[in-house]
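Close look at the chain arrangement
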Amino acid sequence: MSSPLPLSRGTLAGFWRELGSAIRTAEDQPLAARIAAAAVRWTGARGASIFLREKDAWVRATDWGEGAESLEIPDPCPEKARMSGEALWIPLAAEGETHGMLGLVGIPADEASEIGAFLGFVLGSHLAAHRLSRLVKGAEFEVKTRLLELESLYDLGLSLGGQLDLAALADEVLFRSISLTDAGKGMLVLADAGGRVL
């Protein structure tokens, strides 16, 4: 194991190279794995685990290196970088929100605060940007879906206004309903005021 480097201009440049290299060269791996790999290589840690917040729980996203698979987030969850047992726990936070937790195995306690503050800021910002990107893509998909639904309802309204044949009208309503709800099949039942099926 190589020893972690103190923060200087040269080591910061080395970190940026490691992070950039890990993120660009391994795009087939999840972002958490690429971040963990860069953190291990730059700090000289034996291993790393990243946990991501999913709703109200922490979910293990990746383990990298030796000893990482046995790491569990300490209780209570640290609000700033601190040692817990043999692991350095770093909240990956940006804009007041913690997006993940990074656990590093094999970091000397005397270097933990310096390394933790830097990695928490940089990697937290990176995770936040990735999360926001996913949220924007999801919102864009939802907006396009809603637009398609509104266009279909508008078209259906135009069709209803110009249709006099009850059977053709029923077919049109059923077809549009199936396509709007993404259903496989559908059934339309027409009843008169007395409850008889037409």
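Everything below is about the structure shown above.
The next thing to look at is the overall build of the protein chain. Across its full length, the protein chain holds 4 helices and 5 strands. Helices and strands appear in the protein chain in the N-to-C order α-α-β-β-β-β-β-α-α. Relative to its 198 residues, the protein chain shows a buried fraction of 33%. In the protein chain, the share of contacts with a sequence separation of at least 24, taken over all contacts with a separation of at least 6, comes to 50%. For the protein chain, the accessible area works out to roughly 12300 Å², and carbon and sulfur atoms hold 57% of it.

Here the focus is the nonpolar core. Membership of the largest hydrophobic core comes to 24 residues, with the highest contact counts inside it found for Ile50, Leu88, Ile90, Leu102, Leu104, Leu119 and Leu123. Where this core is concerned, the elements lending two or more residues are α2 (31-43), β1 (47-54), β4 (87-94), β5 (97-105) and α3 (112-162). If you look at the next biggest cluster of nonpolar residues, it comprises 7 residues, including Phe51, Ala87, Trp89 and Val105.

Next up on the list: the sheet that holds β5. With respect to topology, 5 strands assemble into an open sheet ordered β2-β1-β5-β4-β3, the strand pairing being antiparallel. In this open sheet, the two edge strands, each paired with only one partner strand, are β2 (57-65) and β3 (82-84). Each strand axis lies, on average, 25° off the axis of its neighbour in the sheet, ignoring direction. Summarising the sheet, β1 and β5 pair through 6 bridges and their orientation is antiparallel. Pairing of Ala48 across the sheet is with Leu104, part of β5. Running at roughly 50° to β2, α2 makes contact with β1, β2 and β5 of the sheet. Strand contacts of α3: β1, β3, β4 and β5, with the helix running at about 40° to β4, the strand carrying the most contacts.

According to the stated counting rule, one finds 7 salt bridges in the structure shown. When the shortest N-O distance is used, the salt bridge between Glu86 and Arg46 registers 3.5 Å. One end of the pair, Glu86, is in the loop between β3 and β4; the other, Arg46, is in the loop between α2 and β1, and 40 residues separate them in sequence. For Arg46, a relative accessible area of 34% gives the class partly exposed. One salt-bridge network, in which partners are shared between bridges, spans Arg60, Asp63 and Glu72.

Running from amino to carboxyl end, α3 crosses helix α4 (residues 166-181) at an angle of 180°, the nearest separation of the two axes being 11 Å. In terms of axis orientation, α3 runs roughly antiparallel to α4. Facing α3, whose interface residues are Glu149, Ser152, Leu153, Asp155, Leu156, Ser159 and Leu160, α4 presents Leu169, Glu172, Val173, Arg176 and Leu180. For the contact of α3 with α4, a count of residues per class yields 6 nonpolar, 2 polar and 4 charged.

Going through the model one piece at a time under the given rule, you end up with 2 aromatic pairs. Between the aromatic rings of Trp42 and Phe118, the centroid separation amounts to 5.6 Å while the plane-to-plane angle is 45°, which identifies the pairing as tilted. Here Trp42, found in helix α2, pairs with Phe118, found in helix α3; they are 76 residues apart in sequence, far enough to count as distant. On the accessibility criterion, Trp42 (6% relative accessible area) is buried. Assessed through its relative accessible area of 15%, Phe118 is described here as buried.

What follows covers the pairing of β4. Across the 8 residues that make up β4, a large majority, 7, are buried. In terms of strand pairing, β3 meets β4 through 3 bridges, oriented antiparallel. Residue pairing across strands places Arg82 opposite Trp89, the latter belonging to β4. Bridging between β4 and β5 involves 8 bridges; their strand directions are antiparallel. Across the sheet, Leu88 pairs through a bridge with Leu104, a residue of β5.

What counts, and at which threshold
- Residues numbered from 1 in each chain as written.
- Predicted model: local features only at pLDDT ≥ 70, side-chain atom pairs only at ≥ 80, totals over all residues.
- Heavy atoms only, no water.
- Helix = DSSP H or I, 4+ residues; strand = E, 2+ residues; numbered from the N terminus.
- Buried < 20%, exposed > 50% of the residue type's maximum accessible area, 1.4 Å probe, protein only.
- Contact = heavy atoms within 4.5 Å.
- Areas by Shrake-Rupley, 256 points an atom, 1.4 Å probe, with all protein chains shown as cover.
- Core = buried A, V, L, I, M, F, W, Y, C linked by side-chain atoms within 4.5 Å.
- Pairing = 2+ DSSP bridges.
- Axes fitted to C-alpha atoms, helices over the stretch in contact; angles between N-to-C directions.
- Salt bridge = Lys/Arg side-chain N within 4 Å of Asp/Glu carboxyl O.
- Parallel < 35°, antiparallel > 145°, perpendicular 65-115°, else oblique.
- Nonpolar A, V, L, I, M, F, W, Y, C, P; charged D, E, K, R; others polar.
- Phe/Tyr/Trp six-rings, centres within 6.5 Å; stacked < 30°, edge-to-face > 60°.

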